[in-house]
Each structure stands twice: as C-alpha cells, then as structure tokens.
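So the chains spell out like this:
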Amino acid sequence: MQFGEFSRRKLFGAGVGFGLASAAPGAFAQPAVPPATVHRRTLLMRGLLREGLVVSALKGTFYAVEAGHTTPLHGAVMCSFMKHLKRPDGSIETRTIEVEWYTDLDGNIFDQWKNPFTQEMVPPPERRYFRNSIITGADLSRRSEVLGDRYREHVVGWREEGDDVWMLNELSTLPAPGKIGLDDLAAGDPTIPIATELGTYHARRSELDAPGVTNVRIESYHSCEGAFRPWQKMGDHPGYLLLLVFNRSLNSRDELPPEWVAETEKHFPELLRSPEKILDA
C-alpha cells in the first residue's frame, strides 16, 4: 500500500498476520468457520494464491486532524506489481515493486504542493520505486525481508453476512534506530510506530469458498494515523496525519490508473517495460 519508500503494507498497502492465534477472541465465532476454511480465506483475501504477475491500484487522501477537525491536504495514487512464489517449506514469498505519486485533491499528480496552513509551495520528496519481499509462513506468520521485526501485523477479526465476508486487519511499522532511509517519514521514538493502519478487506463467500479457486475479487479500505511528513513542512502545527485509502485487485495491467502509468513512464520506463524482469532479478 506504498506511501513513502517502504511497502504500502506498513500503511495499508500487499500483508497477512502473525497467525490465527493472534486474532481477537471470538473473531471467528460469527459464524463458526473451520480453521482450514479460515486459513484458505486468509490466503485468498491477500491474493497469495494468484499465479503469474499480479497488479493492484490504490488511491487515497491525506488529512490533517486537529481537535476533531479534518482538513484535506492532498491525495496519492500508488500501484504495485507482485509475484507470489511457493517455497518447499510451505511458505509463500511475495516479491513486490511499488511506486506512489502524490496528487492534488482533484487527482492530478503535482510537482509542487501548496500547504493550506502556511500557504508555502513545497515539492514532494524524490520518488523511486521500492522492491520488497514478504514471507508468509505456512502458519500465516508474516515477515518482511526489509523491515524485519519492525513490521507488525495481525488479523483482528472476521465478519460474515450473506455472501459478504470482511477480514479486519491491523498493521504498524516501527522506525529503525537512527536514520530510517526515508525522505517523507519522520524518525522518532523507535518504540512508537511510524504509522498504524486499520484495514478492512472484502470478498464474496461464494467466490472464496469455491473449490479450487485461486483468484477472487478483493476490495480493501484503510485508515492510517501518523505524524505529519517532514516534506509537508507543517512546522509546529498541532494534530496528526490521517490517510484514508481504497484498494482493489486488478486482472490486467490495462486496468492501471492512466495518470499513474503516464507519470511512471516518464521516470521509470523500465518498470513498465518489464516488471517481471525486475521481480525475478
């Protein structure tokens, strides 16, 4: 989901949890679902059973929140290419390349942003695509090859009504001691998450539980709280940053947002030419 150089999974976000035991008490009691079904549904909700090149698109809006008041700041559009590789030990390696662009509130990618509080025109941080690798264990444990134990994620519950199934997820990322290597995230107390995200993933029970299915339609909605980004030059402005985003799985590269494709073509033509080559490197 990524915002900044790290994977969007630190914020929203391609993640799975530390296992069924980490879910909230009673999370699977509505209604009672066999553990094997929960396990398979989790893999499908995360798209981990899809083969070949997988693409997804995410759009959202950043808000400044102060004393109960929200002020829209700007938007973002991010797309990712993924490939899931099954390992002999039963785990799944997810290789990901992600690029995010900041947009104005009308969805146009900008080179300069006007801070609504200071009226200052500021440039966004330099963009670069980010490669990551996430290992999902056979027990649904989740480990980031880049973030290590700074990556924390778990499923907090499930809801089911008719043909609708929702998976509720919590994700947070701790900063690395000292420099964290990001242009647009602040490094503060290493024990306090850079951002904490709550995500809701939605799919259809009839598709999730169909025999042999490996690909289902997924939509997800995420809210993420964190500190203002240094590049925004908010100074001592009180409050915090709230990000609201929606994401969906795509069936082909042709469904990628055209504004994202145009901007990425300018800066990273090699990525659009052959994402598979980069993922396989």
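See the structure above.
Residues numbered from 1 in each chain as written. Predicted model: local features only at pLDDT ≥ 70, side-chain atom pairs only at ≥ 80, totals over all residues. Heavy atoms only, no water.

Draft legend 1. Expanded view of the packing of aromatic side chains. One pass over the full model with this rule turns up seven aromatic pairs. A centroid spacing of 5.9 Å and a plane angle of 70° characterise the contact between Phe62 and Tyr102, whose relative ring orientation is edge-to-face. A residue pair is termed long-range when its members are at least 10 positions apart, and Phe62 in strand β1 (residues 54-66) and Tyr102 in strand β3 (residues 92-103) qualify at 40 residues. Given a relative accessible area of 1%, Phe62 falls into the buried group. For Tyr102, a relative accessible area of 3% translates into the label buried. Aromatic ring contacts, followed pair by pair, group Phe62, Tyr102, Phe110, Trp113 and Trp231 into a single cluster. Seen from the ring of Tyr201, Arg46 lies directly overhead, with NZ or CZ sitting 4.1 Å from the centre. (Phe/Tyr/Trp six-rings, centres within 6.5 Å; stacked < 30°, edge-to-face > 60°. Helix = DSSP H or I, 4+ residues; strand = E, 2+ residues; numbered from the N terminus. Buried < 20%, exposed > 50% of the residue type's maximum accessible area, 1.4 Å probe, protein only. Lys NZ or Arg CZ within 6 Å of the ring centre and 35° of its normal.)

Draft legend 2. Just the nonpolar core, in detail. The biggest cluster of nonpolar side chains holds 18 residues, and the ones touching the most others in it are Leu43, Leu44, Met45, Trp158, Met167, Leu208 and Val216. Counting only elements with at least two residues in this core, the list comes to α1 (35-45), β8 (151-161), β9 (164-173) and β10 (195-204). Tallying contributions element by element places α1 first for this core, with four residues. Setting aside anything within four residues of it in sequence, one finds Leu43 in contact with Leu48, Leu49, Ile92 and Leu140. Grouped together as the second largest cluster of nonpolar side chains are 17 residues, Val122, Cys224, Leu241 and Val245 included. (Core = buried A, V, L, I, M, F, W, Y, C linked by side-chain atoms within 4.5 Å. Contact = heavy atoms within 4.5 Å.)

Draft legend 3. Broad picture of helix α3 (residues 258-267). Buried within α3 we find Trp260, Glu263 and Thr264. Mapping the buried residues of α3 onto a view down its axis gives an arc of 100°, with all of them on the same face. In this structure, α3 carries Pro258 and Lys266 as exposed residues pointing more than 90 degrees from its buried face. Looking at the buried residues of α3, the elements they touch are β2 (69-86), β3 and α4 (269-273). (Arc of directions from axis to C-beta.)

Draft legend 4. Region of interest: the pattern of salt bridges. On inspection of all chains with the given rule, the structure shows 15 salt bridges. Here Lys83 makes a salt bridge to Asp280, at a shortest N to O gap of 3.0 Å. In this pair, Lys83 sits in strand β2 while Asp280 sits in helix α5 (residues 275-280), placing the two residues 197 residues apart along the sequence. For Arg95, the salt bridge is made with Glu93, and the minimal N-O distance between the two is 3.1 Å. A network of salt bridges, in which partner residues are shared, links Arg41, Glu160, Arg205 and Asp209. (Salt bridge = Lys/Arg side-chain N within 4 Å of Asp/Glu carboxyl O.)

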